[in-house]
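# Architecture and fold: a report
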Amino acid sequence: SQQGEEDPQALSIQEGENATMNCSYKTSINNLQWYRQNSGRGLVHLILIRSNEREKHSGRLRVTLDTSKKSSSLLITASRAADTASYFCATGPDNTDKLIFGTGTRLQVFP
Amino acid sequence: GAVVSQHPSRVICKSGTSVKIECRSLDFQATTMFWYRQFPKQSLMLMATSNEGSKATYEQGVEKDKFLINHASLTLSTLTVTSAHPEDSSFYICSATGEGRGETQYFGPGTRLLVL
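Residues numbered from 1 in each chain as written. Chains lettered and ligands numbered in written order. Predicted model: local features only at pLDDT ≥ 70, side-chain atom pairs only at ≥ 80, totals over all residues. Heavy atoms only, no water.

Within chain A one finds 0 helices and 11 strands. Beginning at the N terminus, the succession of helices and strands in chain A can be written as β-β-β-β-β-β-β-β-β-β-β. A globule of 111 residues ought to have a C-alpha radius of gyration of about 13 Å, and chain A, at 13 Å, matches this closely. Looking at chain A as shown, the accessible area adds up to about 5,400 Å², and 43% of this sits on carbon and sulfur atoms. The centroid of the 13 positive side-chain charges in chain A is displaced by 3 Å from the centroid of its 11 negative side-chain charges. (Helix = DSSP H or I, 4+ residues; strand = E, 2+ residues; numbered from the N terminus. Rg over C-alpha atoms; globule rule 2.2 N^0.38 Å. Areas by Shrake-Rupley, 256 points an atom, 1.4 Å probe, with all protein chains shown as cover. Lys, Arg positive; Asp, Glu negative; His and termini not counted. Charge placed at Lys NZ, Arg CZ, Asp CG, Glu CD.)

Below, the structure written as structure tokens:
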């Protein structure tokens, strides 16, 4: 399977703490994207990082990409209860426009 | 933003019947649409990629005669689950990309299918 893996599978933290999720993938990529999914809902695009970028920020989100290790991380700073959701990384393999999703991290933020 | 809708949001059907799920891009022209399925507490698995006016490309292991995909216009793709069985019960999600939208896929809210 080409599917990437994320760790941890589940993460529980208190409001105000930072949450870090890691993603590893298998193929060479054009870009890597992070998505968020609330329970039973569709996905919301959070951030895209291209293969020639190493770090990207968007608000409280910080994404890193290490193509030599085929890995990425998503950091959510100063977490809020509303950040509770599942987070998925998705890679765009070379020469295709499809996405391969990771296994996901279920984040629970307690107030 | 880019809005993608799905209809219905939830459907219950009897085994052996066929179910059609619609995916619409509301404010942009979707040159490509993707169909995924997601089992509880699992990730999304890509089923097929459909480009407007051409046949869908199915992922390995996905039966094209079982999951019929039609992308007849730049704003609508349909997935028909034919002769549904209980094991087809799942969450089906579509996404779309279009000109000027880059590599980002915009997802619909999903359709929960329960086959009795």
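On to the interface of chain A and chain B, then. Each partner contributes to the interface: chain A provides 20 residues, whereas chain B provides 21 residues. Buried area between chain A and chain B, both sides added, is near 1,500 Å², and the carbon and sulfur share of it is 51%. The interface formed by chain A and chain B includes 1 salt bridge. Measuring nitrogen to oxygen at the nearest pair gives 3.0 Å for the salt bridge that ties K98(A) to E59(B). Where chain A packs against chain B, one counts 5 residue pairs in polar contact (both at pLDDT 80 or more). Of all elements in the fold, only β4 (29-37) and β5 (43-50) of chain A reach the threshold of two or more residues within the side of chain A that touches chain B. (Contact = heavy atoms within 4.5 Å. Buried area = accessible area lost by both parts, 1.4 Å probe. Salt bridge = Lys/Arg side-chain N within 4 Å of Asp/Glu carboxyl O. Polar contact = N/O pair within 3.5 Å; in protein donor to acceptor, adjacent residues only side chain to side chain.)

Residue and element names in this part refer to chain B. Applying the stated criterion across every chain yields a total of 6 salt bridges over all chains. Notably, a salt bridge pairs R24 with E22, separated by 3.4 Å at the nearest N-O pair. Since its relative accessible area comes to 33%, R24 is described here as partly exposed. (Buried < 20%, exposed > 50% of the residue type's maximum accessible area, 1.4 Å probe, protein only.)

Moving on: the sheet that holds strand β8 (residues 71-76) of chain A. Residue and element names in this part refer to chain A. In space, the 5 strands of this open sheet follow the order β1-β3-β8-β7-β6, with antiparallel pairing throughout. Strand pairing shows two members of the sheet lacking a second neighbour, β1 (5-7) and β6 (55-58), which therefore form its edges. The average angle at which neighbouring strand axes cross in this sheet is 15°, direction not considered. Note that β1 and strand β3 (residues 19-24) share 3 bridges and pair antiparallel. Paired with E5 across the bridge in β3 is S24. (Pairing = 2+ DSSP bridges. Axes fitted to C-alpha atoms, helices over the stretch in contact; angles between N-to-C directions.)

This part takes up the pairing of strand β9 (residues 85-93) of chain A. All names here are of chain A. With 9 of 9 residues buried, β9 lies mostly within the body of the structure. Side chains A85, Y87, C89, T91 and P93 project from β9 onto one buried face, and the interleaved S86, F88, A90 and G92 project onto a second face that is buried too. As judged from the 8 bridges shared by β4 and β9, these two strands associate in the antiparallel manner. Counterpart to R36 in the pairing with β9 is Y87. Note that β9 and strand β11 (residues 105-110) share 3 bridges and pair antiparallel. Paired with S86 across the strands is R106, a residue of β11. The antiparallel hairpin formed by β9 and strand β10 (residues 100-101) contains 6 residues in its connecting segment, where N95 sits at a positive phi of about 65°.

What follows covers the confidence of the model for chain B. Here chain B averages 91 in pLDDT, and 97% of its residues register 70 or above. Per-element confidence in chain B ranges from a low mean pLDDT of 90 for strand β7 (residues 67-73) of chain B to a high of 97 for strand β11 (residues 111-115) of chain B. (pLDDT = per-residue confidence, 0-100.)

All names here are of chain B. Across the sheet, 4 strands lie side by side as β1-β3-β8-β7; this open sheet has antiparallel pairing. Strand pairing shows two members of the sheet lacking a second neighbour, β1 (4-7) and β7, which therefore form its edges. Adjacent strand axes in the sheet meet at a mean angle of 15°, parallel and antiparallel pairs treated alike.

This part covers the side chain of Q6(B). Residues and elements named next belong to chain B. By secondary structure assignment, the location of Q6 is in strand β1. Reaching out from Q6, the side chain makes a polar contact with the side chain of T111 at a distance of 3.1 Å. Sequence-distant contacts of Q6, defined by excluding residues within four places in its chain, comprise I21, E22, C23, W35, Y92, I93, C94, G108, P109, G110 and T111.

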